[in-house]
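# Residue-level structure breakdown
Spelled out, the chains give:
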Amino acid sequence: MYNSVNITKDICWVGVNDRQSRVFENLWPLDHGVAHNSYLIVDDKVALVDTAAEGQAGDFFRKVESIIGTEKEVDYLIVNHMEPDHSGLMKALLDRNPDMKIVGNKKTFGLIESFYGITSNLVEVKEGDEIQLGKHTLKFFMTPMVHWPETMVTYETHTKALFSGDAFGSFGSLDGGIFDDEVNLSFFEEEMRRYYSNIVGKYGAPVQRAINKLSSLDINYICSTHGPIWRTEPSRVISLYDKWSKQEGEEGAVIVYGTMYGNTAKMAELIAQSLSEQGIKNIKLYDSSKTHISYILRDIWKYNGLIIGSCAYNTNLFPPIEALTEKLKHVGLKNKSLGIFGTYSWSGGGVNNLQKFADEVKISPVAEPVEAKCATCDSDINGLKNLAQKMAESLKSDK
Ligand code: FEO
C-alpha cells in the first residue's frame, strides 16, 4: 500500500502502480509493471490532473482522501488525456464531487460523452487559457496526437510544473522512489524508450511540434502520466524525446530474423560476426519467434542500423517478421541503414517481400539482398559478409 507523495508543498502524486496486469493496452508486456500517475493540487481550489484506470479506484481514492479528507471537494478535474488508463475514474470522481468542473478542450468532450455519457460540468479551455486555483495558476497548451487528438498539457506557473500527459512517460512501476533522482535511470531510460517506440512512436512529428511549442517554458518538474517525475534534470528527458521523435539512433544494429529450421538464423549469426569484425560493438540479435516485438522496437529506436531476415512462409514473410514490418510501416520507419536477407526452399516470399517493405518505407538497403536456397552456399556467405561490411560502413558514416 503506497501513500501519496508531495512533489511541492501543495502538489501531490496520487498515482497508482499496476504490477498485476501482464500487458498494457492488452498488448505490450509489463514485466516490470506500470505507474498511472495522477496529481492533486491543493489551493483555494482543489484540482486533480487526470485520474487512473477504472480498476484502480480503491488505491486512487484512498490517496486523494488521505490529503483532502472526505468533506473537501475536488473543484476541477483537468483532463489532459482521455485514454481510459487515465480517464477511467472520471465518472466515479464526478459521483463523489457532483459540483466538480471537468476541464478539457473541444475534442475532449466528444470522447467524454462517448466513453462515460457525461455531458454536463464541462469547461472548455483553448490554447494559452488559464485557470486560477489561488496562488497556483494552470495554463493549457494543446498537443494533439501526443498521443490522441485531444491531448493537451497543463503548466502550473507558480511551481513551474508541467503535467505532460503521456509525453515523457515510461513503462515500469514506481517501486519506492518516484523522482528521477530516486530511481535507477538506466532502467527507466530503457523502459521509456520501449514506451515511446511502442505507444507514441508513430507520432514523431506531433512530438516535435509539442517540444517546439513548450521550449519557451521554464520547467522545474515534468509530471508525466507514466513513470518517474523529472525534477533534477528535466532537460535530459526532453532531449531524449527530441532524439527519439526524429528517429536518431546511435551506432549499432538490430538484426532480427524469422526462421523455421535454423538456416535463416545461421545467416543472421554470420552477419553479426562479420559486423563485429568490422568494429561494430552494439549488435542486438533477435529471433522474432521468441522475443516480443515490444523489445525489438525498443532497440530499433536505439540504433541506426536494422537488418531483417525472413524465411519464405507459404510464399510470404514468416508471420512474426510480417507483423514487425507492418508495425514499422505504420510508425513510419526512417533514418535507418537497412539490410535484408532470407531463405527459400520451393518458392520465394521472404526476401522479395522484405524488398517491398524497403520500397514502402523508402529506404534503399545498404547492399544487395542475400537469399539462400534452403541453406547457405559459398556465394551466400560472401553476400552476407558484403552486407555486413556495407552496413558497418554506413553505420560509421552516420557519426
Ligand atoms: Fe497512458 Fe495514451 O494513455
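Since the model is a prediction, treat every value here as computed from it, not as a measurement.

### A few points about the sheet that holds strand β10 (residues 101-104)
Overall, mixed pairing links the seven strands, which are arranged β1-β2-β7-β8-β9-β10-β11 in an open sheet. Each edge of the open sheet carries a strand with a single partner, namely β1 (5-6) and β11 (122-124). The pairing of strand β2 (residues 11-13) with strand β7 (residues 39-42) spans three bridges and is antiparallel. By the bridge assignment, I11 is partnered in β7 with I41.

### Observations concerning the pattern of salt bridges
With the rule as written, the count across this model stands at 22 salt bridges. Among the ionic pairs, K126 bridges to E124, the shortest N-O distance being 3.9 Å. Classification of K126 by relative accessible area gives exposed; the value is 53%. Judged by its relative accessible area of 35%, E124 falls in the partly exposed class. Across the salt bridge formed by K329 and E360, the nearest N and O atoms sit 3.3 Å from each other. Here E360 lies in helix α11 (residues 351-360) and K329 lies in helix α10 (residues 319-331), a separation of 31 residues in the sequence. K329 gets classed as partly exposed once you look at its relative accessible area, which sits at 25%. The structure contains a network of salt bridges with shared partners spanning E190, R193, R298, D299 and K302.

### What about the nonpolar core?
Ranked by internal contacts, the top residues of the largest apolar core, which has 52 residues, are Y241, V256, L306, I308 and L328. Ranked by the residues each element gives to this core, the list is headed by helix α5 (residues 185-200), at five residues. In this structure, A35, I41, M152 and I178 belong to the second largest nonpolar core, which totals 28 residues.

### Brief notes about the domain arrangement of the chain
According to the domain assignment, the chain contains domain 1 (5-245) and domain 2 (253-397). Relative placement of domain 1 and domain 2: their C-alpha centres are 38 Å apart. With 13 residues of domain 1 at the contact, the number on the domain 2 side is 12 residues. When domain 1 packs against domain 2, close to 1200 Å² is buried across both sides, 54% of that on carbon and sulfur atoms.

### Observations regarding helix α1 (residues 57-68)
In this model, α1 (12 residues) spans 16 Å end to end at C-alpha, consistent with the 16 Å of a helix rising 1.5 Å per residue. Listed in full, the buried residues belonging to α1 are F60, F61, K63, V64 and I68. All buried residues of α1 project into a common sector of 155 degrees when viewed along the axis, lining one side. When the buried face of α1 is taken as reference, the exposed residues oriented beyond 90 degrees from it are G58 and S66. Along its buried surface, α1 packs onto β2, β3 (16-18), β7, β8 (46-49) and α3 (90-96). G69, located one to two residues past α1, shows a positive phi value of around 75 degrees.

### Remarks on the state of the cysteines
Counted according to the given criterion, the structure contains zero disulfides. No disulfide involves C12; its nearest neighbouring cysteine sulfur is the one of C223, lying 11 Å away.

### Describing the packing of aromatic side chains
Using the criterion set out here, one finds 14 aromatic pairs in the structure. Taking 5.3 Å as the distance between ring centres and 50 degrees as the angle between the ring planes, the aromatic pair formed by Y39 and F163 counts as tilted. Remark: F163 occurs in strand β15 (residues 161-165) and Y39 occurs in strand β7; sequence separation between them is 124 residues. Accessibility assignment for this pair places Y39 and F163 in one class, buried. Ring geometry for F115 versus W148: centroids 6.3 Å apart, planes at 10 degrees, classification stacked. With F115 in helix α4 (residues 106-116) and W148 in the loop between β13 (137-142) and β14 (152-156), this residue pair connects regions lying 33 residues apart in the sequence. Judged by relative accessible area, which is 38%, F115 ranks as partly exposed. On the basis of relative accessible area, W148 is assigned to the partly exposed category, the value being 21%. Among the aromatic residues, those joined into a cluster by ring pairs are F168, Y196, Y241, W244 and W301. Seen from the ring of F61, R96 lies directly overhead, with NZ or CZ sitting 3.8 Å from the centre. When the ring centre of F179 is taken as reference, the NZ or CZ atom of R231 above it lies at 3.7 Å.

### Side note on the sheet that holds strand β12 (residues 130-132)
Read across the open sheet, the five strands follow the order β12-β13-β14-β15-β16; overall the sheet is mixed. Whereas interior strands pair on both sides, the edge strands pair on one side only; in this sheet they are β12 and β16 (221-224). Averaged over all pairs of adjacent strands, the angle between strand axes in this sheet comes to 20 degrees, irrespective of strand direction. Both β14 and β15 contribute to a ladder of three bridges, which runs antiparallel. Its bridge partner lying in β15, T154 is registered against F163.

### A short note on the layout of surface pockets
Roughly 260 Å³ of volume is contained in the largest pocket. Contributing to the lining of the largest pocket are 17 residues, with M260, C311, A312, Y344 and S345 lying nearest its centre. Where the lining of the largest pocket is concerned, the elements lending two or more residues are α8 (263-277), β19 (303-313) and β21 (337-344). No other element matches the three residues that β19 contributes to the lining of the largest pocket. Of the residues assigned to the lining of the largest pocket, the class counts are eight nonpolar, nine polar and no charged.

So, how was this worked out
- Residues numbered from 1 in each chain as written.
- Predicted model: local features only at pLDDT ≥ 70, side-chain atom pairs only at ≥ 80, totals over all residues.
- Heavy atoms only, no water.
- Pairing = 2+ DSSP bridges.
- Helix = DSSP H or I, 4+ residues; strand = E, 2+ residues; numbered from the N terminus.
- Salt bridge = Lys/Arg side-chain N within 4 Å of Asp/Glu carboxyl O.
- Buried < 20%, exposed > 50% of the residue type's maximum accessible area, 1.4 Å probe, protein only.
- Core = buried A, V, L, I, M, F, W, Y, C linked by side-chain atoms within 4.5 Å.
- Domains from an automatic or database assignment.
- Contact = heavy atoms within 4.5 Å.
- Buried area = accessible area lost by both parts, 1.4 Å probe.
- Expected span 1.5 Å × (residues − 1).
- Arc of directions from axis to C-beta.
- Disulfide = S-S within 2.5 Å.
- Phe/Tyr/Trp six-rings, centres within 6.5 Å; stacked < 30°, edge-to-face > 60°.
- Lys NZ or Arg CZ within 6 Å of the ring centre and 35° of its normal.
- Axes fitted to C-alpha atoms, helices over the stretch in contact; angles between N-to-C directions.
- 1 Å grid on protein atoms, 1.4 Å probe; cavity = no way out; pocket = protein on both sides within 12 Å on 5 of 7 lines; lining within 4 Å.
- Points joined across faces, edges and corners; volume = space filled by probe spheres on them.
- Nonpolar A, V, L, I, M, F, W, Y, C, P; charged D, E, K, R; others polar.

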